[in-house]
Amino acid sequence: MPELSIGEYSLVYNLFSFTFATMFASFIFFVLARMQLTPRYRMAMVMSAIVVAVAGYHYFRIFESWEAAYVLQDGVYVASGQPFNDAYRYVDWLLTVPLLVAELIAVMTLAKGSGWLTARLAGAAALMVILGYPGEIATDVSARALWGFLSTIPFVYIVYTLWTELGPAIERQPGTVKVLLRNTRLLLLATWGFYPIVYLLPIVGVTGSTALIAIQVGYCIADVAAKCGYGVMIYAIARAKMTANNESVMDSADTALMPTPA
Ligand SMILES: *C/C=C(C)/C=C/C=C(C)/C=C/C1=C(C)CCCC1(C)C
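First, a word on what this report is: a plain description of the structure on this page. (Residues numbered from 1 in each chain as written. Predicted model: local features only at pLDDT ≥ 70, side-chain atom pairs only at ≥ 80, totals over all residues. Heavy atoms only, no water.)

Some words on the packing of aromatic side chains
And then number 1: Enumeration according to the criterion identifies 18 aromatic pairs in this entry.
And then number 2: An aromatic cluster is defined as three or more aromatic residues linked by ring pairs; in this entry it consists of Tyr9, Tyr13, Phe16, Tyr59, Phe63, Trp66, Tyr70, Tyr77 and Phe84.
And then number 3: The lysine or arginine in question, Arg185, covers the ring of Trp163, its NZ or CZ lying 4.2 Å from the ring centre. (Phe/Tyr/Trp six-rings, centres within 6.5 Å; stacked < 30°, edge-to-face > 60°. Lys NZ or Arg CZ within 6 Å of the ring centre and 35° of its normal.)

Structural notes on empty space enclosed by the protein
And then number 1: Taken as a whole and assessed by the stated rule, the structure comprises 1 cavity of 30 Å³ or more.
And then number 2: Of the volumes computed, that of the largest cavity is approximately 30 Å³.
And then number 3: What lines the largest cavity is His58, Tyr59, Ile62, Tyr88, Arg89, Asp92, Trp93 and Asp223.
And then number 4: For the lining of the largest cavity, the elements supplying multiple residues, two or more each, are helix H2 (39-69) and helix H3 (87-108). (1 Å grid on protein atoms, 1.4 Å probe; cavity = no way out; pocket = protein on both sides within 12 Å on 5 of 7 lines; lining within 4 Å. Points joined across faces, edges and corners; volume = space filled by probe spheres on them. Helix = DSSP H or I, 4+ residues; strand = E, 2+ residues; numbered from the N terminus.)

Some thoughts on the pairing of strand S2 (residues 70-73)
And then number 1: Bridge count for S2 against strand S3 (residues 76-79) is 4 bridges, and the pairing is antiparallel. Bridge pairing in S3 links Tyr70 to Ala79.
And then number 2: Remark: 2 residues form the turn of the hairpin made by S2 and S3, two consecutive strands paired antiparallel; Asp74 in that turn has positive phi of roughly 50°. (Pairing = 2+ DSSP bridges.)

None of the figures reported here should be taken as evidence of function without further support.
This is how it looks when you write it as structure tokens:
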């Protein structure tokens, strides 16, 4: 673990705290937002809630590990000897990344064939994470590059499938829903694309404290956008679909409270 200034250490410390709080707040939002949706869209919100709950737990553990890995000595943070456990991220991704693609398909409520599509995309997402891990822990740059390359194959497959197979189904959706779905797909590409870039840093020679800080800051920002921001977009899509289809969540209890027309 490289030596860090107080500012560098605190930046990461505060960002872990912020990310944890955002995951926690998003969990509450998704649980409550679920009730504003008709039953067929609720599964997508349940998945969003699970994603941020799993990520929130892992951020809590990463945060603890960060605190334990450093001690303040003469105005600088030095390694305490306890390792900083970053493997939590990969366990987190293994669980959350397949769910994120499944969410997008669930909210589209496709008539048929969505099970197989979900299985292929979720499988590819899991494979991508599994193949990336050996490179993440490898000490030499060439092993990192090789596993990174292998992991990129399922990544490209996911992007390709989202544009070719899901594309026509998106184009068939009503106006606002279509625009929201296109934007959500772009958000997915932009945020997911961030992870391999962060992964590349040591390969292109960024090392020491700069690499450590950049990787942690990069992953935190990407996680908030890819999990919380993305989940809110999924909610917006469900609401737009309800409006387009004239669906409402009003149940019999609400109807009973409505004034009877004279
Ligand atoms: C919430 C967490 C998310 C959305 C994580 C996404 C992670 C990736 C898209 C990771 C991709 C990688 C590659 C495409 C190659 C290098 C290794 C990875 C695992 C960083």
